[in-house]
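Each chain is listed here by its residues.
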Amino acid sequence: MVMLMFILDKSKFCEFNLNNVKEFIKFWKQFYPGDNVKIFDSDNKISYINELNLKNDLTEDNVKRLLRWKDPLRLTEKIGNTRRENEKVLRVLEKMGDINNFRKRKISESDFFKKTRDIFPTGFVWQVFLFHIARPVEYPIADRYVYRAFTVLNEKNKVLEGWNGYTKYKEFFFDIVKSAEINPENKNDTSDIVSRLKEIDNALFAFGQFLDKYHPQSEDM
């Protein structure tokens, strides 16, 4: 069955059915722009899955590369031609113990949220990203494009804000996970699960980019 949102008919963009979610993922993930960010001072591309270091503690190198992968402009370890240390990255590295303790469930969600706000007083998407790299199976990536996809697919004009907004997006994301028949509780191959979750993120990201161009926020849903 072909989903109606696959055609360029703006009146159909909001039509979303979890029964067809596998087709949605398969269609939209092919338009994801790809992970082409290179390791700092290297010609090698950053491997998102490898840098998550899923069965071990995150290392400083893992975190530096993941931050650069997330935002090469503002979260690369060295700044421009000056090669000055990026204070945003340094603040994250200073909290490596907390990030790994959250990964090992030694810190509560609420306590870790306070720590992420200390690291990034502004930039909620970056705060969420620290949750994601610590426990990627439980905390999906947040950004403007996946949020845009959420608002359109749920026929809402209201912009998601703060932790409450992220919680709504996370519930939506895991509704898709369930409908795609992915079991995050399966510990046998965590890297495979994370790869499949990333395909959902890729599909929502690509759809959100498409909406930004062809279905501006100002238009009625």
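Going by the structure above, here's the rest.
Residues numbered from 1 in each chain as written. Predicted model: local features only at pLDDT ≥ 70, side-chain atom pairs only at ≥ 80, totals over all residues. Heavy atoms only, no water.

Enquirer: Tell me what's going on with empty space enclosed by the protein, and back it up with residues and numbers.
Expert: The tally for this structure, following the rule as stated, stands at one cavity of 30 Å³ or more. The wall of the largest cavity is formed by Tyr-48, His-132, Pro-136, Pro-140, Ile-141, Phe-173, Val-194, Leu-197, Lys-198 and Asp-201. Of the residues forming the lining of the largest cavity, the biggest block, four residues, is contributed by helix α10 (residues 190-214). Residues of the lining of the largest cavity, tallied by class, amount to seven nonpolar, one polar and two charged. (1 Å grid on protein atoms, 1.4 Å probe; cavity = no way out; pocket = protein on both sides within 12 Å on 5 of 7 lines; lining within 4 Å. Points joined across faces, edges and corners; volume = space filled by probe spheres on them. Helix = DSSP H or I, 4+ residues; strand = E, 2+ residues; numbered from the N terminus. Nonpolar A, V, L, I, M, F, W, Y, C, P; charged D, E, K, R; others polar.)

Enquirer: Summarise the layout of surface pockets; cite the residues concerned and give the values.
Expert: One number sums up the size of the largest pocket: a volume of about 430 Å³. Elements represented by at least two residues in the lining of the largest pocket include exactly α3 (60-70), α7 (124-134), α8 (144-153) and α10. When residues in the lining of the largest pocket are grouped by element, the largest group, three residues, is from α10. Taken together, the residues that form the lining of the largest pocket break down as nine nonpolar, one polar and eight charged.

Enquirer: Please give an account of α8 that cites residues and values.
Expert: Within α8, nine of the 10 residues are buried, leaving the element largely enclosed by the surrounding structure. Among all positions in α8, only Tyr-145, Val-146, Tyr-147, Arg-148, Ala-149, Phe-150, Thr-151, Val-152 and Leu-153 are buried. Next to the buried residues of α8 lie α1 (21-28), α7, α9 (162-179) and α10. Its side-chain oxygen at 2.9 Å from the backbone nitrogen of Tyr-145, Asp-143 defines the N-terminal cap of α8. (Buried < 20%, exposed > 50% of the residue type's maximum accessible area, 1.4 Å probe, protein only. Contact = heavy atoms within 4.5 Å. Polar contact = N/O pair within 3.5 Å; in protein donor to acceptor, adjacent residues only side chain to side chain.)

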